[in-house]
Amino acid sequence: MQTSFTAEQLVDPQVAESEKILRRCVHCGFCTATCPTYVTLGNELDSPRGRIYLIKDMLENGRPADAEVVKHIDRCLSCLSCTTTCPSGVDYMHLVDHARVHIEKTYTRPPLDRFTRALLAAILPYPARFRAALRLAGLARPLAPVFARVKALSPFAAMLQLAPKALPSASPASSGLLAEPGLRRGRVALLEGCAQPVLDPGINAATRRLLARFGVAVVSPKGEGCCGALVHHMGREADALDFARRNVDAWMAEIEGEGIDAILITASGCGTTIKDYGHMLRLDPAYAQKAARVSALARDVTEYLATLDLPRLAARGLTVAYHSACSMQHGQKITLQPKALLKAAGFAVKDPAEGHLCCGSAGTYNILQPEISAQLKQRKVRNLEATQPDVVATGNIGCITQIRTGTEIPVLHTVELLDWAYGGPKPARLPA
Amino acid sequence: MSETIAFLKPRADVLARRSTIIADLADLLPPEGLVHEPRELVPFETDAFVSYRRLPLAVALPTSTAEVAAVLRYCHRYGIPVVPRGAGTSLCGGAIPQEDAVVIGLSRLSRILEIDPFNRTATVQAGVTNLAISDAVSPEGFFYAPDPSSQLACTIGGNIGMNSGGAHCLKYGVTTNNLLGVTLVLVDGTVIELGGKHLDAAGYDLLGLVCGSEGQLGIVTEATVRILAKPEGARPVLFGFETSEEAGACVADVIGSGIIPVAIEFMDKPAIEICEAFAKAGYPLDVGALLIVEVEGSEAEMDAMLSLIVEIARRHGVRTVRECQSATEAALIWKGRKSAFGATGRIADYICMDGTVPLSQLSHVLKRTGEIVAGFGLRVANVFHAGDGNMHPLILFNANDPVEAAKAETAGNEILKLCVDAGGCLTGEHGVGIEKRDLMRHQYSEADLAQQMAVRAAFDPQWLMNPSKVFPLEGRPAA
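In short, a report on the structure. Residue positions are counted from 1 within each chain, in the order its sequence is given. The order in which chains are written sets their letters, starting at A; the order in which ligands are written sets their numbers, starting at 1. At least 70 in pLDDT is required for a residue's local features to be given in this predicted model, at least 80 for side-chain atom pairs to be given and counted, and no such filter applies to totals for whole chains, interfaces and linings, which use all residues.

1. What to know about the overall build of chain A
Then, number 1: Only runs of H or I of at least four residues qualify as helices and only runs of E of at least two qualify as strands under DSSP, and these elements are numbered from the N terminus. Scanning chain A from terminus to terminus reveals 25 helices and eight strands.
Then, number 2: Projecting the C-alpha coordinates of chain A onto the three principal axes gives extents of approximately 65 × 50 × 40 Å.
Then, number 3: Looking at chain A residue by residue over its 432 residues, the buried ones come to 52%.
Then, number 4: Long-range contacts, defined as pairs at least 24 residues apart, comprise 74% of the intrachain contacts of chain A with a sequence gap of at least 6. Residues are called buried when their C-beta atom has 20 or more other C-beta atoms within 10 Å, exposed when it has 12 or fewer, and partly exposed otherwise; all C-beta atoms are positioned from the backbone. Residue pairs qualify as contacts under a 7 Å threshold applied to their C-beta atoms, which are placed from the backbone.

2. What to know about helix 17 (residues 446-459) of chain B
Then, number 1: For a helix, the expected span equals 1.5 Å multiplied by the number of residues minus one. Taking 1.5 Å of rise per residue, 14 residues should cover 20 Å, and helix 17 of chain B covers 20 Å from first to last C-alpha, within 8% of that figure.
Then, number 2: Little of helix 17 of chain B is tucked away, with one of its 14 residues classed as buried.

3. Some thoughts on the environment of M305 of chain B
Residues and elements named next belong to chain B.
Then, number 1: Relative to the helices and strands, M305 resides in helix 11 (residues 299-315).
Then, number 2: The sequence separation of M305 and L238 amounts to 67 residues, and the corresponding C-alpha distance is 14 Å.
Then, number 3: The contact partners of M305, leaving out residues within four places of it in the chain, are I259, P261 and V295.

4. With respect to the sheet that holds strand 1 (residues 186-190) of chain A
Where strands meet in a sheet, backbone hydrogen bonds hold them as pairs that are either parallel or antiparallel.
Residue and element names in this part refer to chain A.
Then, number 1: The strand order 2-1-3-4 describes an open sheet built from four strands, whose pairing is parallel. Edge positions in the sheet fall to strand 2 (216-219) and strand 4 (298-300), since each has one partner strand and no second. Put simply, the sheet's adjacent strands are angled 40° from each other on average, direction ignored.
Then, number 2: Two strands are said to pair when DSSP picks up at least two bridges between them. Where strand 1 lies against strand 2, four bridges are found, and the strand directions are parallel. Of the residues in strand 2, the one forming a bridge with G186 is V216.
Then, number 3: Fitted lines through C-alpha atoms give the axes, limited to the stretch in contact for helices. The angle between two N-to-C directions lies from 0 to 180 degrees. The sheet strands contacting helix 13 (residues 202-213) are strand 1 and strand 2, and the helix crosses strand 2 at an angle near 145°.

5. Some points on the interface of chain A and chain B
Then, number 1: On the side of chain B, 32 residues touch chain A, which itself brings 27 residues to the contact.
Then, number 2: Elements with a contribution of two residues or more to the side of chain A that touches chain B: helix 2 (30-33), helix 4 (48-60) and helix 5 (67-74) of chain A.
Then, number 3: In terms of residue count, the dominant contributor to the side of chain A that touches chain B is helix 4 of chain A (four residues).
Then, number 4: Looking at the side of chain A that touches chain B, its residues break down into twelve nonpolar, ten polar and five charged. Throughout this entry, Asp, Glu, Lys and Arg are counted as charged residues, while Ala, Val, Leu, Ile, Met, Phe, Trp, Tyr, Cys and Pro are counted as nonpolar. The remaining residues, Gly among them, count as polar.

6. So, unusual backbone geometry
Residues and elements named next belong to chain B.
Then, number 1: Positive phi is not limited to glycine here, since N466 has a value of about 40°.
Then, number 2: Along the polypeptide, N466 turns up in the segment after helix 17.
Then, number 3: Phi is positive for V470, which is not a glycine, with a value near 70°.
Then, number 4: With respect to the secondary-structure elements, V470 resides in the segment after helix 17.
Then, number 5: The exposure class assigned to V470 is buried, which follows from the 23 C-beta atoms found within 10 Å.

Listed below in structure tokens is the structure:
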């Protein structure tokens, strides 16, 4: 597509990159068809092609963001379904990242919106604060219907509805497991992260057990924490890069110390971001190389497990509907390994219809855009339930939390099922 | 780029009443059904023929036939031009608006209304995508045959407007051969029904007239299409040749022998490389031209037809013949082919021609096309429906270089004239739109055009519907 940036504008490396991305788009419109918001709202402005055009117009004219552009960019889930569909290879992710940073720098949101975002950015990435907030949410849950009645307050209603009714204990019993002696096949760092250990510490516990059983030593380097995705998607670039640098430092200590084969991530939303650290920090001379090394070592847990050649197990008569998180299938293009692992472990695996569509979770999207998110959740649950599964498996805590609020069918992380199949405890959410 | 194709001059009286018109439209549509903020109108300024761009006055996004009728009735009363838009995937600018026009976008008319396996029909709203029809009838064992490469995104309404084709139309015919009925809103808001669930209707075949009328005779809001039982089996086979001429001659010989496979698709070397980069379908990269021939039916039927085709291909020096080994592989082969245009964006900007030629002329036209484009110092990639003689030279250029862009447009015009002179036509399936409008005199005599315009004027005497398209601006009857 033709672009019209001045030489002066192109001096800015972000603008130069966006210009390259825009030049690839030929405006064919294929992306509209697989975009969850276009499918839901039917307006080109809420499609990737429409957003690309809005961003192009804003950047070319060097304009600050305005309410209209912000509305349509905010509605983007960043699910990246469009990048899977796009034949031209348009790097929509980095274009919309740039737009979000531009919005954050040039646009003043209404006070309540600002407050909500500041609150989320101040709580979610920090486990202790998040745990305390969830306890409060439990007390405030009766207020949810009141909030839901006022549109401006609907994010708060969504927060209360998403908060789990009971919180698991903070420290799972199985942390610190060592690899089975005499069988060491690898050494990996496992991202503890931020929200997941609060909402569902059982996921990483299962991962540690499973890896230990197959001879993989797991370390959790000191100082690592939130990957930065939550604030990154809000356009809070400086905060996101701080989180990224801190994690890079933590992992580099391991990489340059005893050495690690991989950095494992059990939340695919985080995985997409950590694999992008190399790009996010490319303009930081002190970190560019280190970040690229970290990104190159980052693996989703199922990517790594698939290399271990786990034994095939007999069928166990349990049907699993596999929900591929957007960050898994579109962000990281991981589509085969999780299902292959589940099948090898004896589960019957079903693919729901419209598997490419987002469940509406998308980081903080279900809080900031509760109406669209609810429609997508309903559609996702309908498609999942149509496969008549015993259990839904997925690889991202956001999807797990979102889908759990829409169905009675147990929703588990893929590794919880794998851990159980290979000798671990039966996940508590499965019926006895 | 310097635009060589003119749009109609915007009606000053309409532009002057912009704010009144928007206020009135807001009364006719729900809030989310009207786009009018200047910045929000920008993404509607073009379609997939992105070289040309015009901002619309407003965009209406109705959700019912009644809303479409209300908007049309209003625009008709006040002499406001209207441009219909499906998914905006037109390659000839069929959905590009103009400054004084209200775009009526059909993307929110997206419901499947009825699937009737006993009568082999599906009735859908006009904004349903082509592929969504096949997906919806698939559990019953059916499919909708016309399959434009943009079938993932393009709408049935747009397909009807352009009488769209696709790879599998060699056997099953284009949109008009698979369309049974429509609900049509006329320019004054009157709603009429054409056809039904039967193969032919009593009286004039107005359905045939409306199909391919590029949004100038009315706006289709619902369509009943014929659905077909899925074949027992289908197998795409890759035939690699040393040269494009050999491949072209082979196609002519296959069809000339009375063999009609489901599809015969052609790709030259640049196109193979582009598609392979995106789809990783395993196309042979060591050949000069590739045919994708799809046969279908029982194993015995497929084998029998394939052996005949292989024999003909051998006579034309075929270098490799590869049958695909799995359903996954077959899907990738088609994914690559159907993404060819978009995938071209990886290496350059392009404009896509749509001329159709008699098969006896295929090799000659392919060779001349290469010479014409090379004469302008540009590159070309050919990927097209060879069995139909429906050619799609993609002329590659740099959109940020106005000189190259102008050369590409001129080269395209020369290729289309070449197709007409070879006994073919300007457009096989994409439509005339804005792109080929000024070449219509190369195809038709004044009397031919006058008769077509008389029909158009019978439906829309004020020339309000998609007015800048199809017919050259000079020589139109006074509105």
